[in-house]
Amino acid sequence: MTAAHLSAAVNLEHSAPVTRLRGIGPQLADRLARLGIHTLSDLLFHLPLRYQDRSRITPIGALRGGVPAVVDGRVELTETVFRRRRMLLVRISDGTGALTLRFFYFNLAQANALARGARLRCYGETRPGAVTLEMIHPEYRLLQEGVTPPDESVLTPIYPATEGIAQAKLRYLTDQALQLLETKAAPLPELLPPELLAESSMPALTEALRYVHRPPTDASMAALMDGSHPAQQRLAFEELLAHHLSLRQLRLAADRSHALVVGGAGRLPALFRSRLPFQLTRAQQRVTVEIFRDLGEPHPMMRLLQGDVGCGKTVVAALAALRCIEAGYQVALMAPTELLAEQHYRNFHRWFASLGIAPLWLSGRLKTGKRAQAITRLQSGAAPLVIGTHALFQDDVSFANLALVIIDEQHRFGVHQRLALRDKGAAADRHAHQLIMTATPIPRTLAMTAYADLDVSSIDELPPGRTPVKTVALSDTRRDEVVARVRHAGAQGRQVYWVCPLIQESEVLQCQAAEDTANALTAALPELHIGLLHGRLKPQQKDAIMAHFKAGHVQLLVATTVIEVGVDVPNASLMIIENAERLGLAQLHQLRGRVGRGSVESSCVMLYRAPLSSAARTRLEAMRSTNDGFEIARRDLELRGPGEMLGTRQAGELQLRIADLNRDAPLIPRVQRAAMLLLKQYPERVPLIVQRWLGDGGRYARA
Ligand code: ADP
Ligand code: MG
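Since we're looking at a predicted model, the values are computed, not measured. Counting starts from 1 at the beginning of each chain's written sequence and moves along it residue by residue. Chains and ligands are labelled by the order in which they are written, letters from A for the one and numbers from 1 for the other. In view of the model being predicted, local features appear only for residues whose pLDDT reaches at least 70, and side-chain atom pairs are presented and counted only at 80 or more, with totals across whole chains, interfaces and linings using the full set of residues. To obtain the side-chain values, all non-hydrogen atoms of the structure were used and water was disregarded.

Re the sheet that holds strand β12 (residues 385–388)
So, point 1. Only when DSSP finds a minimum of two bridges between them are two strands counted as paired. Elements are defined by DSSP. Helices are runs of H or I of four residues or more, strands are runs of E of two residues or more, and each kind is numbered from the N terminus. Ordered in space as β11-β12-β10-β13-β14-β9-β15, the seven strands form an open sheet in which the pairing is parallel. Only two strands of the sheet have a single partner each, and these edge strands are β11 (360–362) and β15 (455–459). This sheet shows a mean twist of 20 degrees between the axes of neighbouring strands, independent of strand direction.
So, point 2. The pairing of strand β9 (residues 302–307) with strand β14 (residues 433–438) spans five bridges and is parallel. For Leu304, the partnering residue across the bridge sits in β14 and is Ile436. Think of each axis as a best-fit line through the C-alpha atoms, taken over the contacting stretch in the case of a helix, with angles from 0 to 180 degrees between the N-to-C directions.

Rendered as structure tokens:
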């Protein structure tokens with residue numbers, strides 16, 4: 001097919017409505033839409049969850065309990081009985097034995113059709129009944145007299161369904177769609193180049209679809225069930241390729257655009273370094289070199305700086321900022337929460353004071369007058385550095401010469417927001433350099449797919465002198481022991497966090513819970529200074545409490561999860577997490593990361609309410625067994641899947657229909673090679689592949 005043909009075909013693929021098939025009325029169309037099925041291709045990419053082997057008919061006399069089976073039989077007796085509830089009992093027999101079919105939901109027509117003498121083919125799981133074996137609500141169809149239908153020649157697919165759509169209906173519809181595939185009416189053009197298919201001996205698209213929807217009876221059920229069959233892998237491959245290409249396109253566009261070249265002697269960064277009370281770790285030095293090199297390029301840097309909680313990313317960000325400021329440009333640093341942004345503001349204020357640089361503060365809570373002032377200073381270029389929250393995205397915020405955007409804790413933001421901020425530095429064809437920091441270490445495979453537009457720098461080393469945090473899980477029936485532990489820590493001059501995570505839906509209730517806990521602890525520990533921190537306090541109040549805690553005046557800080565990310569008080573060495581069973585691994589790891597920042601031995605107590613679900617047990621066990629953020633992230637990915645791992649905002653963006661990043665990780669290197677081949681030799685197919693899997697233009701590109 002020529003490029004124009006291909007493009008027309010892909011457009012058609014997206015516009016051919018599923019209602020073209022026979023048997024779809026408005027009601028069914030609605031229900032299909034609920035499954036995300038609007039077009040014929042949506043239907044074809046709606047793959048079975050599992051399969052059943054209905055290819056062999058079992059004599060009733062040979063049935064065993066608990067095993068699904070197909071039987072043919074003739075109705076001997078049909079009766080509606082009342083045993084606590086109304087039910088229809090149908091006894092069938094095939095000469096080798098008798099079987100009872102039991103229905104709780106049925107209508108009169110159905111009962112009439114199942115009259116004595118009717119022939120049936122049933123599929124279901126048998127279990128022992130009062131007199132004979134029985135099947136509860138089997139799937140069945142009536143057989144015509146004298147005609148024995150052929151045995152099933154394919155494995156029966158079971159589709160993800162929703163209320164009101166029967167499996168038989170989905171099979172009927174996919175049968176039609178698969179037939180259409182053979183004709184010209186609904187072409188699903190092959191978008192992978194022939195040499196790629198040949199080299200990796202992958203089946204063609206239509207062949208793979210046909211196989212996955214209707215596998216032959218000798219197909220490997222085990223392979224199909226775990227998604228490793230070549231036909232499934234072929235589809236997952238193309239989907240991953242589409243996501244990868246979409247982000248690569250974004251990156252290529254960035255590479256073609258321009259950015260301020262940030263060079264210079266690096267006097268300010270060097271001065272700053274020389275005044276730090278510590279030496280940079282080797283990893284910090286290495287990533288700084290990588291960042292400085294990027295900043296010196298005429299194209300925008302797009303770099304992810306990842307490193308475990310406490311590895312010291314902020315100092316690296318400060319160095320990058322200073323390099324730009326020295327060159328006479330502006331820098332914006334954005335954090336996901338007010339608290340974290342405030343902390344950065346304070347840090348940078350302190351760090352940069354002796355360099356004569358005062359950061360500007362911009363948050364949503366700024367009073368109108370102050371805000372207007374701040375905006376003017378950014379517009380005129382008078383302010384070299386601004387630190388804030390989402391408020392930096394707002395339309396009326398613009399810069400004189402923004403060179404660098406630093407985003408902390410990226411997993412809280414989506415790709416879209418990242419791009420929106422990047423464009424703040426846009427002037428004509430110019431973009432700001434981007435440095436994105438995350439403490440959620442992203443497993444390599446995930447990084448390569450979800451962040452295919454970014455270069456990655458890793459800080460894989462903690463500053464020296466840190467001792468690993470000792471972690472225990474305790475039932476909350478042992479709260480008294482924990483309180484005693486807090487008392488002991490306080491007596492030794494150590495500082496403690498007591499976190500009350502969200503267990504109520506509303507923020508008000510959550511703050512209330514933290515308040516109650518603070519009151520109870522104040523009563524139990526009169527000798528300690530106790531502070532309370534939650535999201536509903538005024539910024540000045542929060543500020544004051546954090547300052548008291550930092551200064552050591554407050555020994556026990558009771559808080560909601562507002563302290564989850566970034567908060568840095570090195571003297572705090574005991575972390576109590578209530579309702580730990582409700583939290584995900586990433587969140588637990590972040591919270592634990594608030595301690596173990598100094599050289600004192602730190603510990604973390606995860607209080608839980610029994611009984612623990614097995615998933616919760618696995619999480620707490622993972623926390624106990626390792627302090628390594630990468631290992632935690634790997635297990636998190638296993639437990640939760642990539643969507644949740646990237647945060648809710650991004651979950652919607654990296655919504656995989658078929659591929660599974662855990663299962664299909666081994667495909668990623670091939671996906672990368674294929675992406676290169678396509679970009680180089682088949683650039684006209686790139687937007688088509690993206691369109692097929694991500695919709696028009698690619699979801700990211702629209703940002
Ligand atoms: P994160 O990477 O989690 O954002 P931070 O930047 O908050 O970590 O750093 C954690 C703590 O480690 C801070 O108190 C910081 O001053 C300190 N720190 C950073 N780098 C070093 C270093 N090279 N040696 C000692 N302490 C360091
Ligand atoms: Mg941080």
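Some remarks on the state of the cysteines
By definition, a disulfide is the covalent link that joins the sulfur atoms of two cysteine residues.
So, point 1. Here, a disulfide means two cysteine sulfur atoms that sit within 2.5 Å of each other. For the coordinates displayed, the defined rule picks out zero disulfides.
So, point 2. Cys604 provides the cysteine sulfur closest to Cys311, a residue in no disulfide bond, and the two sulfurs are 19 Å apart.
So, point 3. Accessible area is worked out with a 1.4 Å probe on protein chains only. A residue is then buried under 20% of its type maximum, exposed over 50%, and partly exposed in between. Owing to a relative accessible area of 0%, Cys311 belongs among the buried residues under this scheme.

Looking at the site of ligand 1
So, point 1. To be near a molecule or strand, a residue needs just one of its heavy atoms within 4 Å of it. Taken together, the neighbourhood of ligand 1 is formed by 15 residues, with Gly310, Lys313, Thr314, Arg466 and Asp568 sitting nearest.
So, point 2. In the environment of ligand 1, an oxygen atom lies 3.1 Å from a nitrogen or oxygen atom belonging to the backbone of Gly312.
So, point 3. Across the complex, the protein chains shield 87% of the 560 Å² of accessible surface that ligand 1 would expose by itself.
So, point 4. For this scheme, ten residues count as nonpolar: Ala, Val, Leu, Ile, Met, Phe, Trp, Tyr, Cys and Pro. Four count as charged, namely Asp, Glu, Lys and Arg, and the remainder, Gly too, count as polar. Within the shell around ligand 1, the residues separate by chemical class into five nonpolar, six polar and four charged. Counted as a polar contact is a pair of N or O atoms within 3.5 Å, where, for protein atoms, one must be capable of donating a hydrogen and the other of accepting one, and residues adjacent in sequence contribute only when both atoms are in side chains. Here the accessible surface of atoms and residues is derived via Shrake-Rupley with a 1.4 Å probe, and residues count as covered only by protein chains that are part of the display.

A word on the environment of Arg487
So, point 1. Following the sequence through the fold, Arg487 ends up in helix α17 (residues 479–491).
So, point 2. Residues Arg487 and Arg267 lie 220 residues apart in sequence; the distance between their C-alpha atoms is 48 Å.

Some points on the side chain of Ser602
So, point 1. Within the fold, Ser602 resides in the loop between α20 (585–592) and β21 (603–608).
So, point 2. A polar atom in the side chain of Ser602 sits 3.0 Å from the backbone nitrogen of Gly596.
So, point 3. A contact between two residues is defined here by any heavy atoms of the two lying within 4.5 Å. Not counting chain neighbours up to four residues away, the residues in contact with Ser602 comprise Thr467, Pro468, Val469, Lys470, Ala572, Ser573, Val595 and Gly596.

Some details on the packing of helix α13 (residues 338–353) against helix α19 (residues 539–551)
So, point 1. Viewed as axis vectors pointing N to C, α13 and α19 meet at an angle of 60 degrees, and their least axial separation amounts to 11 Å. As far as their axial angle goes, α19 and α13 are oblique. As α13 packs across α19, the resulting crossing turns out to be right-handed. Along the contact surface, α13 presents Glu338, Leu339, Glu342, Gln343, Arg346 and Asn347, while α19 presents Pro539, Lys542, Asp543, Met546 and Lys550.
So, point 2. Within the contact of α13 with α19, the residues separate by chemical class into three nonpolar, two polar and six charged. Every angle not falling under 35 degrees, over 145, or within 65 to 115 is termed oblique; those three ranges are roughly parallel, roughly antiparallel and roughly perpendicular. A clockwise turn of the near helix away from the far one marks a right-handed crossing, whereas an anticlockwise turn of less than a right angle marks a left-handed crossing.

Observations concerning the confidence of the model for the protein
So, point 1. Per-residue pLDDT for the protein averages 87, and the proportion of residues at 70 or more is 90%.
So, point 2. The predictor attaches a confidence to each residue, and that confidence, scored 0 to 100, is pLDDT. Note that residues 645–653 has pLDDT below 50 and, in this model, 32 contacts with residues that lie over four places away or in other chains.

Comments concerning the sheet that holds β21
So, point 1. Ordered in space as β16-β21-β20-β17-β19-β18, the six strands form an open sheet in which the pairing is parallel. Both edges of this open sheet fall to β16 (470–475) and β18 (530–533), since each of them pairs with a single strand only. Across the sheet, the mean angle separating the axes of adjacent strands is 20 degrees when strand polarity is ignored.
So, point 2. In the sheet, strand β17 (residues 495–499) pairs with strand β20 (residues 572–577) via five bridges, with the strands oriented parallel. Bridge pairing in β20 links Trp498 to Ile576.
So, point 3. Strands β16 and β21 of the sheet are contacted by helix α21 (residues 614–625), whose axis makes an angle of about 150 degrees with β16.

Overview of the pattern of salt bridges
So, point 1. Salt bridges are identified by distance alone: a Lys or Arg side-chain nitrogen within 4 Å of an Asp or Glu carboxyl oxygen. Evaluated as defined, the whole model comprises 29 salt bridges.
So, point 2. The shortest N-O distance in the salt bridge between Glu190 and Arg234 comes to 2.5 Å. Residue Glu190 is located in the loop between α5 (167–182) and α6 (194–199), and its partner Arg234 is located in helix α9 (residues 230–256); the two are separated by 44 residues in the primary sequence.
So, point 3. Arg234 gets classed as buried once you look at its relative accessible area, which sits at 0%.

Focus on unusual backbone geometry
So, point 1. In this model, Ala610 is joined to Pro611 through a cis peptide bond whose omega is -5 degrees.
So, point 2. Take Pro611: it is sitting in the loop between β21 and α21.
So, point 3. Of note, Arg84 is a non-glycine position whose phi angle comes to about 65 degrees, a positive value.
So, point 4. In this structure, Arg84 sits in the loop between β2 (68–83) and β3 (85–93).
So, point 5. Phi is positive for His137, which is not a glycine, with a value near 45 degrees.
So, point 6. Note that His137 resides in the loop between β6 (133–136) and β7 (139–143).
So, point 7. Residue classification places His137 among the partly exposed residues on the basis of a relative accessible area of 32%.

Brief notes about the pairing of β20
So, point 1. Most of β20 is tucked away: six of the six residues are buried.
So, point 2. By definition, the crossover connecting two strands over a helix is right-handed if that path, from the first strand to the second, turns clockwise as seen with the strands pointing away from the viewer. As for the winding sense of the linkage, the β-α-β connection from β20 through α20 to β21 is right-handed.

Focus on the packing of aromatic side chains
So, point 1. Think of it this way: a Phe, Tyr or Trp ring, Trp meaning its six-membered ring, pairs with another when their centres are within 6.5 Å, and the plane angle makes it stacked under 30 degrees, edge-to-face over 60, tilted otherwise. Going through the model one piece at a time under the given rule, you end up with eight aromatic pairs.
So, point 2. Seen in terms of ring centroids, Phe272 and Phe352 are 5.8 Å apart; in terms of plane orientation they differ by 90 degrees. Their pairing is edge-to-face. Note that Phe272 is positioned in helix α10 (residues 267–275) and Phe352 in helix α13, a separation of 80 residues in sequence. For the pair formed by Phe272 and Phe352, the shared burial category is buried.

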